[in-house]
Every structure is written in C-alpha cells, then in structure tokens.
Amino acid sequence: MSDLEQHIAIPKNVASGDDLDYAFLREKGQEYIEQLAGKIWTDYNTHDPGISILEMLCYAITDLGLRLEMPIENILTPENETTQKLEQQFFKASEILPSKPITENDYRKLFIDIEGVRNCWLKPYEKTVFVDCKNDKLSYNPKAFSLVDKAFKTEFKIQGLYLVVVEYEDDIESDIQKNQIKSEIKKRFHANRNLCEDLVGITEVEKHHISVCMKVEVFPETDEERVHAKILRAIDDYFAISVKFRSLKEMFSHGYSSDEIFEGPVLTHGFIDPEELEASGLRTQVRLSDIMQLIMDIEGVKNILEISMNNCNDPLNETDSWLIWVEDGKKPARCPDSAFSYFKGVLPLNINKTRVETYLVELEAEEKAAQDLAGIDMEIEIPQGTYLGTSETTTIQNDFPDTYGIGPKGLPARESVARKAQAKQLKGYLLFFDQVFANYFAHLGKVKDLLSVDNRLKRSYFTQAINDIRGFDDLVKNYPQNDDEHLSETLFKNLDFPVERKNKLLDHLMARFAEKFGDFAFLMKELYGSFAETAVMISKENFLRDYPETSSQRGSGFNYYNQPETELWNTSNVAGVQKRIARLIGMKNYNRRNLSDSFVEIYDPDESDTETVFRWRIRNKSGDIILSATENYPTRSLAEKELMLAVIKIVETPQETITGVFKQTINDKDEVGNLEIQVSETGKYSFDVINLDAPANSTDRIIARQFTYYDTQEELKAALLEIIEFMTKDFSEEGMFLLEHILLRPDVTKTNIASDVFMPVCTNNCESCEPVDPYSYRITVVLPGWTYRFSNPDFRNFVEELIRKEIPAHVLARICWIGYRKGFVPDEKNQMVQLEEKYKEFLLSKTKKDQVQDETKLKDFIEILSDLNSIYPSGKLIDCDDEDDELKSRIILGRTNIGNL
C-alpha cells in the first residue's frame, strides 16, 4: 500500500511525558537559568537556593503531571456523589447510540419485542393512482378516466405505505389476543414512524401445511416422550424460525461493538443479533435433509429408520420427495396428518401424549427463562472512579528545608529583623508560583464540569485560595482566603471571556458528533451584533442537551395516531427532523401551535386619524405589556425595525451587569448596559431602552420604554433581570409546520373517491411535469415569513439549504414563508391563520383510532395548503455589477427569485 492510500489518523496519546520526568524538568530549568542569568549566576550546585527553588518547582510540576495521568474516571468523579453522579456527565450508550427504526429489520425488532409476536415482516402496500393529464385529476378507480384519450393518461404507485405481516406465538389463538397485539403494533409503529411513511394494515401470515412422517430408533436408556417433545419443537422451529433475544454480554461475545449492539431501536427484552434476524425470514423451501440433520442432533436419537414429507393439501402432486417449495408469502407449518413412531431396537414404543405435553411446557419454560435473562443489565456500565482530591493544592514553601525559615515552623524568635524580612521576601516571591499551581489544580478539578453535557458554570477560568502559608496576612492584604469565587473574579476579570470560551468548549463537544454551527454563528453576528455569541451559545447548549432526541429521531415523523388534542396542538409531538432543524437554527420553540399568535402587537393608536401611524408593544407570557414604543411610525416596517432594535439592545445587556451595578445606589439617568434608569420626583423607578450609537440628545436615543413604576431599587432590579430573561429565553415569533403529503392521501382501501379530495397536480398533458406523484416522499415546510430573522434573505437562504440537507435524501421539500401576525390583516386574508385553523381540524379528524379519513376536513386543508404564497421582504432593485450600491434588502438582477413557491 502506498503512502497516499494509507489512512491518516489523529493519535490518541499526544502527551510527551516530560511533565513526569523530574530530571528532564530540572535540566530544562537550568538551561533557561543559564540563558537568562548566565552572566551573573554561575553556581548551579544543589546547595544553591535558586537551584533548590527550581527543584521544588519541578517536583510540583510532576505532581500536576501525575494527577493529569490519573484514570479519567477518577478525574471526572465529583467531590460529592450524593448531589452529582459520574454518569450524569455523559449520555448513556442507550441514549446516544440507538435510533428510531429506519430499515425493515429495525421495525421487525420493534414488533418482535412485543409479547405474543414470534416474528413479523414489513411489506410495501401497493396502491395505484390513475392520472388524467388533460384535466389534471387523480383517481384510484382504473375506469374513472375511460373516456380520456390514452395519450393523456398515466399512473403511478404511492410509495411509503406498508403492511405488517405477523406470525403469532403458538399460544396466541383467540381473536381478542390477536387484536390486542395488533393494537400494540399500531401504537409502536406510529410512535416510531418514519417521515413520509405510514401503515395501512396488519395481517397474519398464512400457513403452508406440510406433513412429516418418520420412524425413529432411540437408545435403550432414552426417555422417548422427551425425545418426541424435542423433535416436535425442532421441526416447528425449523418451519418457522424464531428470533432469540441476546444479553449484552452475549452480543459482546459474538464480536459486536457497542455502536453495533445499540444500533436501531431500544428494546425491552434484550438485543437481537442482526445476522440471526436476517436469517429468520420466511422459508421459501423445506428440505428433508435439513430435518434429518436436526433430528440426529437431538440427544437420545440413535437412527432414523424411515422419513418422508408431503404437502397436506395435495400430497399426491409432490414430484420431489426431498424438497417442497413453500407458497410465496406463507410460512411452512406441521399439519395434523404428521405421524411419528419410535423404537428401541425392534420393539415399538407407545408414546404417552400427556407426558409429551408436560415436556413441551417444560422446554418452553426453560427457553422463556433464558430469554428473560437477556433483558437484565442492558446498559453498558460506566467505570466508577474514586475522588482523590484532584483540585487540592498545598504551598511548595512547606517543602523547603527548615533553614529557609519559610515553612510551618518559621524562624526562631532570636533571628534578626533583617533575616525575618528576607524570609518574608522569599515567601512573597514563591507565592506567585503557589498561586499559578493553585490555578492549574483548580482547573483540573473543574474538567468534569466544563466537559459535562449540562455545563451550567458561569465562568471558564478558576482558581483557589492558598491557605497553608504561615504568616500569610503579612504578605497579602484583602486576599479572600475563604471565597474562591471572588478570588477567581478578581484574578481573571480581564482574562475570562466565558461566552467565547464556552462556545469553544461546546464546539469541541459537538465535534465529537460531527456537528457544527459555523454558518449559523456567522449569520447571527450579522443579525444580533454583540449578542450573537451569547445567542449562539444558548443555541448550542439547547442542541447538545436535546442531542439524544434530535439525532435518534432525525428521520422520524410525528405520532398522529389515536392522540388527545393536547398531543396534536400546543405540543412538542412533531417530526424528529423538525426538532433537529429548529435546534440547528436556534429556534426557541418548535412546538406545533398557532404561529400567528405573537408576543408582539403593532397597531394604529388612533384609527380615527386620517393619517395612519403605527406603534408597537410587547406582552409577556401572562399577557402583561412589558415594553412599548416611544413614538409613532409612518410605516409598519419602520415600527418593526425599531421593535427588533429594542429587543436586541435588551439581550445585549448581560444579567451580570445588572447584578453588579445594583450593588450600589442607582441614580436618575444612570446607564446600565443598554438601559437607562429613570427616577421620578416622587422616588419611583422605571427604565428606558436606549441606543448608545445614537447622538446623546437625539430622539433616536430612547427607543423603548416600560411604562411601569417601581417603589424600590430591588423591585427595579428584579424587573430588569426578568425582562432580560424573557427576551433571551422565551421571546420568539418563530415556529414551523412540517406537513407530510403521505398523510393527505384519500383512503387507499376505497376506490370510488371524488377527484377533488386528491391533491392538485400539474401534468402538462403528461409531457414534462415530474414527478406527477404529489404524495410519495413529499413534504411542505411552512415558516412565518414576517419574523426578524425569517425576513432576512441571507438567513432564509441558510434555512432553506439546511432543510434540504437535513431531511432524508429521498424526500422532496417545498418551502413556504407565509402569513402575518394575527390582526395584521383580516383573518380570512391571513394564510397563516387559515392554515392553522384547517390543519388543526384535519389533525383532530385524522387521529381517530379507526383511521377513517374525514374527506371534508382533508379537502379543506388541501385547498389552503395548495394556495400558499411566500411573502418577501421589501427591497430595492439593483444591478449586481454596480459595486456602489448597498447590498442590504437587495433584489439582484438575474439572481433573486421573487416568484411564489
């Protein structure tokens, strides 16, 4: 293999080990001393105090190196395991490695995990749709367009519909039991349904009965009833292969890695070997030689004297006595005509059928007990570490010889003042190194928090106080020996940029899953200015926190089957890819809800005026007005622009700034970030949102105001923190509807359905419109086009590209940016309001347990869905070759598509 063909790998161990080599450190330190002070320092013997100091520092470095080399579980073990567990810092294997079912075998695993299901298969449900290209109509009826010329007719099959074919356990006989299992299969399918796929029905696998006749010789000491029971089970297991559950230990012993073991859905009864599952399909043929081999492998069987097999339904028509072909889609089964005779030597044996039944029950119980063991200890055990005081520190001064006078004993009282001053001077010099080491050890103790999936630390640099130096108060004044938090803030206030560093840590964690936020971060900086880093950090935290869900469900649809209204509207029960896209674009709320309802109101304050003006206000979750405009605007777009500027200015003000400033007395006109405090003549407090970029005396400086007054500074502080928290975490007008066209199909079990219940198609006389099929693997993604980010052309392009990248490759998306806030236009003219109303009605009718389609609701929903028109922000038409034109709100000739989607 050439060098170019070899794989390039990043080495796992990049440590040089130099930090553990005392001799190397001492030699390197002396080299530096010679370089820096060689002209004035020539004695490098061990008795020299400078060399002693070097040796102590080298020793301390090796201590740090040894702690870094500890087993990772010891480093990550928390100090107090009663409040925090080691396993809480990570996603468990059962959380991060599995996924919703994707392949047929994934679904088979899911259904075999149901009590009473022996085996099952997923089969495509074929439904042909006939197309009248001349009139753009669809029908299930092959005779519907009999009068249309053949040249203007075509057809297609709907893809993504399935039947589940079930093989029940032998003890499942009644219709009640089978219906309960079918109900559970439906429930599990819809809870794990793939995007743009659906279940049509569940059927039981049919049987192809085969008779087996044989004469068997057994050994004299053999229990013939037990042998007969084992032969019956062996034949039945050969005819219908059952899938065994394996324990975690067994899967590892079979050579599977952890990611292979946990691939697919999480089961409750154990794990299923994928090779065994693949081999458990319906038999297409039964070989007599296979049956003979199975019987000879049974303990107690000496010889097969005679053996034959035949089709039960037509035994005289068999031409091959060694091979029977099984009818397509059926499973072979032993029929009652089978006959078994047993001999010991030449003596025939009478079989006690009661004892055989007893043995069959015992064998089944033994197998069930073995299967029950497979469901125990299904989690990979996380190594348990021991907390060894990783962050603890001690001064190097106490390790010096007593003659230095800087240890716990100090100097004798008889020593001169000069000698004592020299000792203090050395202690002060060494204190610098002590604090550096204390910083390192403090950081090592925080590794478990910094790399946790739920990192809630407010800072990223840490230190700790030095507490074991004799006479410490004589060396440093105002040193907070009992307040490490304050010490960290004091030492690192000009170095610690927690948002920037936390973004890097989050990037590191996400890179382990091959995820990135680069393009998103760039666009957010353009939209949100200095708040962008914080907004991106919050988005990354939410994305990482939800990653087990958004990664495992990235190809799944939502569960519409037999749901209460609370799980269909105002709910997080949405498609997995919708959750993932929402987190990747920093959408705060991806729930299915009325997107036209908003925290924002833009209104005409005096509708009687001849000149229309606009004002805005924002309400909180309780409906209280928390922010208002300070002036009237001639256009709605200017009002919206000022509104978003006010929101950005609020979120740009860190809560820490508020907390810090309010430790002192607040006065009138004090500026706190982008907020200005107002104190009335009566001593009441309020605040304005200001634009510090505007001139001091300009009317553009105050951009919003809260018309609420507070009696005390504490009440004002609470209000400021509350509005920042609301704007940062809750305020949003964004949302998404992801609509699967496969769910909009008319009932496929019927034929005579009116053509207006089908989705509209454009066939162009069967010449060029492709694909004609409006149902198979098609979705429509609807987003509110009026929001701040969604009205930005660059952000729209980013979202559209992201949607097409994140949805499964075989799914085609239509993306629409529609509608207005409720009240902007009359409801009958607001497409978002109309869509929400019709979509909710459709879902409430679709969720019925019997899945009978309400054709009126379906027709109404299809009508509004087909009529959606994207809205576009206003802009000016420019020539892309004119470099002098400003490219904001641009409509570029030859590049910008302004047509409706």
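The structure we're discussing is the one just above.
Residues numbered from 1 in each chain as written. Predicted model: local features only at pLDDT ≥ 70, side-chain atom pairs only at ≥ 80, totals over all residues. Heavy atoms only, no water.

What to know about the overall build of the chain
Step number 1: Check the secondary structure of the chain and you find 26 helices and 27 strands.
Step number 2: For 901 residues, the compact-globule formula gives about 29 Å, and the C-alpha radius of gyration of the chain, at 38 Å, lies well above that figure.
Step number 3: Along the longest, intermediate and shortest principal axes, the C-alpha atoms of the chain span 120 × 90 × 60 Å.
Step number 4: Buried positions account for 47% of the 901 residues belonging to the chain.
Step number 5: Nonlocal contacts in the chain, meaning residues at least 24 apart in sequence, comprise 70% of its contacts between residues at least 6 apart.
Step number 6: Accessible surface, the chain: about 47,600 Å² in total, of which carbon and sulfur atoms supply 50%.
Step number 7: Treating the 108 positive side-chain charges of the chain as one cloud and the 155 negative ones as another, the clouds have centres 2 Å apart. (Helix = DSSP H or I, 4+ residues; strand = E, 2+ residues; numbered from the N terminus. Rg over C-alpha atoms; globule rule 2.2 N^0.38 Å. Buried < 20%, exposed > 50% of the residue type's maximum accessible area, 1.4 Å probe, protein only. Contact = heavy atoms within 4.5 Å. Areas by Shrake-Rupley, 256 points an atom, 1.4 Å probe, with all protein chains shown as cover. Lys, Arg positive; Asp, Glu negative; His and termini not counted. Charge placed at Lys NZ, Arg CZ, Asp CG, Glu CD.)

A closer look at the packing of aromatic side chains
Step number 1: Scanning the model with the defined rule gives 31 aromatic pairs in all.
Step number 2: Relative to Phe 189, the ring of Tyr 107 has its centre 5.3 Å away and its plane inclined at 25°; by these criteria the two rings are stacked. Taken together, the positions of Tyr 107 in helix H5 (residues 104-112) and Phe 189 in helix H6 (residues 175-191) put the pair 82 residues apart, joining distant regions of the chain.
Step number 3: Judged by its relative accessible area of 0%, Phe 189 is buried. (Phe/Tyr/Trp six-rings, centres within 6.5 Å; stacked < 30°, edge-to-face > 60°.)

Observations concerning the packing of H5 against H6
Step number 1: Interhelical geometry of H5 versus H6 gives an angle of 135° and a closest axis separation of 10 Å. Classified by the interaxial angle, the pair formed by H5 and H6 is oblique. The element H5 and its partner H6 pack so that their crossing is right-handed. Side by side, H5 and H6 meet where Tyr 107, Leu 110 and Phe 111 of the first sit next to Ile 185, Arg 188 and Phe 189 of the second. (Axes fitted to C-alpha atoms, helices over the stretch in contact; angles between N-to-C directions. Parallel < 35°, antiparallel > 145°, perpendicular 65-115°, else oblique. Left-handed = near helix turned anticlockwise from the far one by under 90°.)

Thoughts on the side chain of Asp 496
Step number 1: Relative to the helices and strands, Asp 496 is located in the loop between helix H15 (484-492) and helix H16 (498-511).
Step number 2: A relative accessible area of 9% means that Asp 496 is categorised as buried.
Step number 3: In terms of polar contacts, Asp 496 uses its side chain to reach the side chain of Ser 460, at 2.6 Å.
Step number 4: Looking at Asp 496, its side chain comes within polar contact range of the main-chain nitrogen of Tyr 461, at 3.2 Å.
Step number 5: With near-sequence residues (within four places) excluded, Asp 496 lies in contact with Arg 459, Ser 460, Tyr 461 and Arg 501. (Polar contact = N/O pair within 3.5 Å; in protein donor to acceptor, adjacent residues only side chain to side chain.)

Observations concerning the sheet that holds strand S2 (residues 128-132)
Step number 1: Strand order in the open sheet formed by 3 strands is S3-S2-S4, with antiparallel pairing between adjacent strands. With partners counted over all chains shown, the strands left at the sheet margins are strand S3 (137-139) and strand S4 (153-157), one partner each. On average, each strand axis in the sheet is tilted by 25° relative to the strand beside it, whichever way the strands run. (Pairing = 2+ DSSP bridges.)

Points about a nonpolar patch on the surface
Step number 1: On the surface, Phe 432, Val 436 and Tyr 440 cluster together to form a nonpolar patch covering roughly 320 Å² of accessible area.
Step number 2: For Val 436, the location among the structural elements is in helix H13 (residues 417-445).
Step number 3: Val 436 sits in the partly exposed class, given a relative accessible area of 30%. (Patch = residues over 30% accessible without salt bridge, like charges linked within 9 Å, V, L, I, M, F, W, Y side chains within 5 Å. Salt bridge = Lys/Arg side-chain N within 4 Å of Asp/Glu carboxyl O.)

Examining the nonpolar core
Side chains that are nonpolar tend, in soluble globular proteins, to be buried together.
Step number 1: Ranked by size, the top nonpolar core spans 110 residues in total, and within it Phe 111, Trp 616, Ile 618, Leu 627 and Met 727 carry the most contacts.
Step number 2: By residue number, the principal contributor to this core is helix H21 (residues 636-651), which donates 8 residues.
Step number 3: The next biggest cluster of nonpolar side chains, apart from the first, holds 42 residues, and it includes Cys 133, Ile 742, Cys 816 and Ile 862. (Core = buried A, V, L, I, M, F, W, Y, C linked by side-chain atoms within 4.5 Å.)

A short note on a negative patch on the surface
Step number 1: Together, Asp 170, Asp 171, Glu 173 and Glu 364 make up a negatively charged patch on the protein surface.
Step number 2: Here Glu 173 is to be found in the loop between strand S5 (161-168) and H6.

Remarks on helix H26 (residues 855-866)
Step number 1: In this model H26 runs 16 Å from its N-terminal to its C-terminal C-alpha over 12 residues, within 8% of the 16 Å that 1.5 Å per residue would give.
Step number 2: Regarding H26, the residues found buried are Leu 858, Phe 861, Ile 862, Ile 864 and Leu 865. When H26 is viewed along its axis, its buried side chains cluster within an angular range of 165° and face the same direction. When the buried face of H26 is taken as reference, the exposed residues oriented beyond 90 degrees from it are Thr 856 and Glu 863.
Step number 3: Looking at the buried residues of H26, the elements they touch are strand S23 (737-740), strand S24 (778-784), strand S25 (812-818) and helix H25 (831-846).
Step number 4: Backbone nitrogen of Thr 856 and a side-chain oxygen of the N-cap are separated by 3.1 Å at the start of H26; the cap is Asp 854. (Expected span 1.5 Å × (residues − 1). Arc of directions from axis to C-beta.)

So, the state of the cysteines
Step number 1: Following the criterion strictly, the structure yields 1 disulfide and no others.
Step number 2: The disulfide partner of Cys 312 is Cys 335, and the gap between their sulfur atoms is 1.8 Å. An S-S torsion of about -70° defines the bridge between Cys 312 and Cys 335 as left-handed. Placement of the pair is Cys 312 in the loop between strand S11 (301-311) and strand S12 (323-325) and Cys 335 in the loop between strand S13 (330-334) and strand S14 (339-344), with a sequence separation of 23 residues. Exposure class is identical for Cys 312 and Cys 335. Each is buried.
Step number 3: Take Cys 213: it sits in no disulfide, and the sulfur closest to it among the cysteines is that of Cys 335, at 8.0 Å. (Disulfide = S-S within 2.5 Å.)

Considering the environment of Glu 381
Step number 1: Residue placement: Glu 381 occurs in the loop between helix H12 (353-374) and H13.
Step number 2: Glu 381 gets classed as exposed once you look at its relative accessible area, which sits at 68%.
Step number 3: Counting along the chain gives 289 residues from Glu 381 to Lys 92, while the straight-line C-alpha distance between them is 9.0 Å.

Here we look at the side chain of Asp 106
Step number 1: Note on placement: Asp 106 falls in helix H5.
Step number 2: Buried charge without a partner: Asp 106 forms no salt bridge, and the closest opposite charge is Lys 109, 4.5 Å away.
Step number 3: Sequence-distant contacts of Asp 106, defined by excluding residues within four places in its chain, comprise Lys 100, Pro 101, Gly 264 and Pro 265.

A closer look at the pattern of salt bridges
Step number 1: With the rule as written, the count across this model stands at 56 salt bridges.
Step number 2: Notably, a salt bridge pairs Glu 31 with Lys 28, separated by 3.7 Å at the nearest N-O pair. Taken together, the positions of Glu 31 and Lys 28, both in helix H1 (residues 22-37) and 3 residues apart, correspond to about one turn of that helix.
Step number 3: The exposure class of Glu 31 is partly exposed, given its relative accessible area of 31%.
Step number 4: Given the relative accessible area of 33%, Lys 28 is considered partly exposed.
Step number 5: Among the ionic pairs, Glu 500 bridges to Lys 504, the shortest N-O distance being 3.8 Å. In this pair, Glu 500 and Lys 504 both sit in helix H16, 4 residues apart, roughly one turn of the helix.
Step number 6: According to the relative accessible area criterion, Glu 500 is partly exposed, its value standing at 34%.
Step number 7: The class of Lys 504 is exposed, set by a relative accessible area of 53%.
Step number 8: Ionic contacts of the salt-bridge type, sharing partners, join the residues Arg 118, Glu 167, Asp 237 and Lys 331 into one network.

Points about unusual backbone geometry
Step number 1: Even without being a glycine, Asp 136 presents a positive backbone phi close to 55°.
Step number 2: Relative to the helices and strands, Asp 136 is located in the loop between S2 and S3.
Step number 3: Classification of Asp 136 by relative accessible area gives partly exposed; the value is 33%.
Step number 4: Of note, Asn 570 is a non-glycine position whose phi angle comes to about 55°, a positive value.
Step number 5: On the secondary structure map, Asn 570 appears in the loop between helix H19 (547-552) and helix H20 (576-584).

Some details on the sheet that holds S24
Step number 1: Here we have 3 strands laid out as an open sheet, ordered S23-S24-S25, and mixed in their pairing. The sheet is open, and its two borders are formed by S23 and S25, each paired with just one other strand. With strand direction ignored, the average angle separating the axes of adjacent strands in the sheet is 20°.
Step number 2: Pairing between S23 and S24: 4 bridges, direction antiparallel. Its bridge partner being in S24, Phe 737 is matched across the sheet by Val 782.
Step number 3: Helix H24 (residues 793-806) contacts S24 and S25 of the sheet and is inclined by roughly 155° relative to S25.

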